[in-house]
Amino acid sequence: MKGFVSKNLQSSIEYLKGVGPHKADILKKEIQVFSFEDLLFYFPYKYIDKTRYYSIRELSGLQHPVQFKGQIVQMNVIGMGRKQRLSAIVSDGSGQAELLWFKGVKWWAGKLKPGTNYAFFGKPNVFKGKVSVAHPEVETDLQNQTPKSIWQPVYNTTDKMKRHGLDSKQIEVLIKTIFENVNQNDILETLPEYMIQKFNLPNKYEALKHKHFPTDLSLAERATKRLKYEELFYNQFRSLFSKHIRKVHFKGHVFKELGDTFNQFYENNLPFELTNAQKRVIKEIRKDFLTGQQMNRLLQGDVGSGKTLVALMVMLIAIDNGYQSCIMAPTEILAKQHFLSLQEFLKGLPLKTVVLTGSTKSKEKKQIKTLLENGDIDLLIGTHALIEDSVIFKNLGLVVIDEQHRFGVAQRAKLWRKNDPPPHILVMTATPIPRTLALTQYGELDVSMIDELPPGRKEISTFHATDGERLKLFGFMKREIEKGRQIYVVYPLIKESEKMDYKDLEDGFESISRAFPLPEYQVGIIHGQMKAETKDYEMKRFAEGHSQILVATTVIEVGVNVPNASVMVIESAERFGLSQLHQLRGRVGRGAEKSYCILMTKDDLSQDARKRIQTMTQTTDGFKIAEADLELRGGGDLDGTRQSGAASWIQVNLSEDYPILKTARDMAEIIMEKDPLLKDKSNQTIRWVISKTYREQEIDWSKIS
Ligand code: ADP
Ligand code: MG
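Residues numbered from 1 in each chain as written. Chains lettered and ligands numbered in written order. Predicted model: local features only at pLDDT ≥ 70, side-chain atom pairs only at ≥ 80, totals over all residues. Heavy atoms only, no water.

**So, the site of ligand 1**
Next up, step 1: Not every one of the 18 residues close to ligand 1 is listed here, only the nearest: E273, G304, K307, T308 and R457.
Next up, step 2: G306 places a polar main-chain atom, nitrogen or oxygen, 3.1 Å from an oxygen atom of ligand 1.
Next up, step 3: In this structure, T308 approaches ligand 1 through a side-chain N or O atom, which is 2.7 Å from an oxygen atom.
Next up, step 4: Relative to its unbound accessible area of 560 Å², ligand 1 is 85% covered by the protein chains.
Next up, step 5: The element that contributes the greatest number of residues to the shell around ligand 1 is helix 12 (residues 307-320), accounting for 3 residues.
Next up, step 6: The class makeup of the residues in the shell around ligand 1 is 6 nonpolar, 7 polar and 5 charged. (Near = heavy atom within 4 Å. Polar contact = N/O pair within 3.5 Å; in protein donor to acceptor, adjacent residues only side chain to side chain. Areas by Shrake-Rupley, 256 points an atom, 1.4 Å probe, with all protein chains shown as cover. Helix = DSSP H or I, 4+ residues; strand = E, 2+ residues; numbered from the N terminus. Nonpolar A, V, L, I, M, F, W, Y, C, P; charged D, E, K, R; others polar.)

**Description of the side chain of T462**
Next up, step 1: Structurally, the position occupied by T462 is in strand 18 (residues 460-466).
Next up, step 2: One polar contact links T462 to R585, side chain to side chain, over a distance of 2.8 Å.

**Comments concerning the environment of K162**
Next up, step 1: Along the polypeptide, K162 turns up in helix 5 (residues 159-163).
Next up, step 2: Accessibility expressed as a relative area gives 44% for K162, which makes it partly exposed.
Next up, step 3: Not counting residues up to four positions away in its chain, the partners in contact with K162 are T157 and D167. (Buried < 20%, exposed > 50% of the residue type's maximum accessible area, 1.4 Å probe, protein only. Contact = heavy atoms within 4.5 Å.)

**Here's the deal with the packing of aromatic side chains**
Next up, step 1: What the rule picks out here adds up to 24 aromatic pairs.
Next up, step 2: The interplanar angle of 75° and the centroid separation of 6.1 Å between the aromatic rings of F179 and Y205 together place this pair among those described as edge-to-face. Remark: Y205 occurs in helix 8 (residues 204-212) and F179 occurs in helix 6 (residues 168-181); sequence separation between them is 26 residues.
Next up, step 3: F179 sits in the buried class, given a relative accessible area of 5%.
Next up, step 4: Measuring from ring centre to ring centre gives 6.4 Å for F262 and Y266, while their planes differ by 5°; the resulting arrangement is stacked. Residue F262 and its partner Y266 are located together in helix 10 (residues 260-269), separated by 4 residues, close to a single helical turn.
Next up, step 5: Given a relative accessible area of 37%, Y266 falls into the partly exposed group.
Next up, step 6: The structure contains a cluster of three or more aromatic residues connected by ring pairs, namely F199, Y229, F233, Y234, F237 and F241. (Phe/Tyr/Trp six-rings, centres within 6.5 Å; stacked < 30°, edge-to-face > 60°.)

**As for the packing of helix 13 (residues 332-345) against helix 19 (residues 532-543)**
Next up, step 1: Contact geometry for helix 13 and helix 19: axes closest at 11 Å, N-to-C directions at 55°. Between helix 13 and helix 19, the angle falls in the class oblique. The handedness of the crossing between helix 13 and helix 19 is right-handed. Every residue of helix 19 that contacts helix 13 at E332, I333 and K336 is listed here: A532, K535, D536 and M539. (Axes fitted to C-alpha atoms, helices over the stretch in contact; angles between N-to-C directions. Parallel < 35°, antiparallel > 145°, perpendicular 65-115°, else oblique. Left-handed = near helix turned anticlockwise from the far one by under 90°.)

**Considerations on the nonpolar core**
Next up, step 1: If you look at the biggest cluster of nonpolar residues, it comprises 55 residues, and the most contacted ones within it are Y488, F516, I549 and I556.
Next up, step 2: Beyond its immediate sequence surroundings of up to four residues, F516 is in contact with F474, M477, K478, I481, Y521, V523 and I549.
Next up, step 3: One finds V281, A311, F339 and V355 within the second-largest nonpolar core, a separate group that totals 38 residues. (Core = buried A, V, L, I, M, F, W, Y, C linked by side-chain atoms within 4.5 Å.)

**Looking at the sheet that holds strand 22 (residues 565-570)**
Next up, step 1: Strand order across the open sheet formed by 6 strands is 18-23-22-19-21-20, with parallel pairing between neighbours. With one partner strand each, in any of the chains shown, strand 18 and strand 20 (523-526) form the two edges of the open sheet. Each adjacent strand pair in this sheet contributes to an overall mean axis angle of 20°, direction not counted.
Next up, step 2: Docked against the sheet, helix 17 (residues 470-482) engages strand 18, strand 19 (486-490), strand 21 (549-552), strand 22 and strand 23 (595-601), running at close to 160° with respect to strand 23.
Next up, step 3: Across the face of the sheet, helix 18 (residues 498-515) comes into contact with strand 19, strand 20 and strand 21 while running at roughly 170° to strand 20. (Pairing = 2+ DSSP bridges.)

**Structural notes on unusual backbone geometry**
Next up, step 1: For the peptide bond that leads from D420 to P421, omega is 0°, which places it in the cis range.
Next up, step 2: Residue placement: P421 occurs in the loop between helix 15 (409-416) and strand 16 (424-429).
Next up, step 3: The peptide bond linking L518 to P519 adopts the cis configuration, its omega dihedral lying at -5°.
Next up, step 4: Here P519 lies in the loop between helix 18 and strand 20.
Next up, step 5: Look at K128: it is not a glycine, yet its phi comes out positive at around 50°.
Next up, step 6: Tracing the backbone shows K128 in the loop between strand 7 (124-127) and strand 8 (130-134).
Next up, step 7: The class of K128 is exposed, set by a relative accessible area of 76%.
Next up, step 8: One non-glycine residue with positive phi stands out, namely S572, at about 45°.
Next up, step 9: One can find S572 in the loop between strand 22 and helix 20 (578-585).

**A closer look at helix 18**
Every α-helix carries 3.6 residues per turn, so stepping three or four residues along brings you back to the same face.
Next up, step 1: In this model, helix 18 (18 residues) spans 26 Å end to end at C-alpha, consistent with the 26 Å of a helix rising 1.5 Å per residue.
Next up, step 2: Along helix 18, the positions that sit buried rather than exposed are D501, Y502, L505, G508, I512 and A515. The buried residues of helix 18 all sit within an arc of 150° when viewed along its axis, so they share a single face. Away from its buried face, by an angle of more than 90 degrees, helix 18 presents the exposed residues K499, M500 and R514.
Next up, step 3: Buried positions along helix 18 lie against helix 17, strand 19, strand 20 and strand 21. (Expected span 1.5 Å × (residues − 1). Arc of directions from axis to C-beta.)

**Notes on the sheet that holds strand 16**
Next up, step 1: Overall, parallel pairing links the 7 strands, which are arranged 13-14-12-15-16-11-17 in an open sheet. The open sheet is flanked by strand 13 (353-356) and strand 17 (446-450), the only strands paired with a single partner. The sheet shows a mean angle of 20° between the axes of neighbouring strands, taken without regard to direction.
Next up, step 2: Taken together, the 4 bridges between strand 13 and strand 14 (residues 379-382) define a ladder with parallel strand orientation. Paired with L356 across the bridge in strand 14 is G382.
Next up, step 3: Of the strands in this sheet, strand 12 (324-328), strand 13 and strand 14 touch helix 14 (residues 362-374), which is tilted by about 135° from strand 13.

**Looking at the packing of helix 10 against helix 12**
Next up, step 1: Axis separation between helix 10 and helix 12 bottoms out at 7 Å; the angle between their running directions is 145°. Of helix 12, the residues touching helix 10 (which contributes D260, T261, F262, F265 and Y266) are L309, L312, M313, L316, I317 and D320.
Next up, step 2: Tallied by class, the residues present in the contact of helix 10 with helix 12 amount to 8 nonpolar, 1 polar and 2 charged.

**Observations concerning the side chain of T157**
Next up, step 1: Note on placement: T157 falls in the loop between strand 10 (150-154) and helix 5.
Next up, step 2: Under the relative-accessibility criterion, T157 is labelled buried at 15%.
Next up, step 3: Those residues in contact with T157, other than ones at most four positions away along the chain, are K162, L166, D167, S168 and I171.

Note that all results are geometric; they support no functional claim without further evidence.
Next comes the structure, spelled out in structure tokens:
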């Protein structure tokens, strides 16, 4: 964790010996190194073994580059032209190895002399029992050579850095320079002594030193473990701490009543039995409503598990207790769809329900805002337009955020300020969050889970097909349409290649329109660049069954609900991430019909893409998919935001580092239990770190202790 060093180390990087203003500029731009400290936290991604010279006989079993010495006993230039290479046989008495150069052949042939001793460094290759080393580094002056005995760190550098003399070696030198000028006191300890003892961790100074210059790889590993533990501990402690502070500080509305609207809805409007999971979650939320504290709850449930209905019912509770509710969706399409389906659900109930999005006409917007401020709207549905400061509620009691992954902590915090006391917050996500991510990113939320789908859902069959099978695909689509079904065809849309993607989408739309001609077939198209009205029109046409095929970008990824659509074709499926594929597939299988998902890809796939496609064809379990996704993608940084400079560069891999995370979480829980306000003498280090880094609000210790 950064931010805990002496003044000395906070100096601007240009003042480091060997840097200067020009190189400082490059370090800032290329790797966000602004200070001495930043550079200390720029860690090597690997080490090379320069601990000793290996004998040539030892080389055959090795997987990593090493140093060795020997005499060149024979040298030949072999082949002609582009295939030309230099081969040199080197011997040290224990055995022989072949050194090979494919580039700079002439130069090396002139430089190396048979009968002379050299030191080499390179990665041995074994083929048919013979050891060779391609393009070794060569040390010619053995007399003057200072014997190295280290694991040499290797740092990531960009081309631009290299061009300006900031290659890995140079970074190594600069970091050495820093260490020559600091001591233990410059790097302040951020973990309490008892944790260091308990987990046998190096202190912070040692950890940084060993991370850069380990004399043994196990020391580098211990250093990594300590740095990760520290990040994870504070990540976990901070969430528990802010949860605690909110509980102590923020009062919450109490909703005692299960009133008329709720009961009427339950008795007259609810078209089906709630699943047990839905009932359980509603109970959990009701309990929160009675505590007098503000609720911050995450509701997880796979696509189609019926989260919207749960949201609706708890919003009715808020309304029955005299408060307004709102539900916020990530896209306009979804907001409008929520509006339509909630209106349908609420038929005959005396409620004022309104939708507000970015494309609401300004006159209407004004009207809505007035009604809202006067308390004449009970239930507001919308996009993030809802969190604009100009949207003022009379008495906001509950906010539901649908599809969490599009909303950040900052946006949530904005909502807390919409009312005093702040509204209860229910965050719903259909992207299953593996336990590790749930702990690190939503640690401050309580979690409810809908782990059961409504009865009667049919399994979705998923198939993988390649471009060559398109005719077969069209045949299948025609047969499904004959049965009265509807079909989505989705194209990827990635920001970086947006233009090409739109071209693909248009080409796709054309070819489908040709294969499914009017008047027999109606094909719709929908994407983000369309006007809102056109989008609405196309969506409505599809939802009402007038078009049989909807060609779309991922605008339909979340929430869209057309139960009669039973086939999802995903084009260039290899370009989608797993959770996106799962989301898209969740658009079908919502009615009573057998549903299908077809993943279209090109023929040759990368290993990762193949694994993703395989996962999709093998399971529909959102949690299994999320775990596989995490494994494939590895970690990611803890905040979910990559703030340059401020973010720590120790990379936590949430899939591999679960044991460290668990240890950190357990520790944080124990402390929260025993000493939540950090009064104990042994916890003063934590208190100091927390008060220096706490983001959400300034902590006024006198108020909370
Ligand atoms: P999601 O959790 O993905 O938001 P929805 O709330 O959109 O799921 O629900 C998917 C579909 O299931 C909707 O058509 C909804 O009306 C229906 N549904 C919800 N709860 C039940 C239930 N208990 N029994 C039958 N159908 C239900
Ligand atoms: Mg939903």
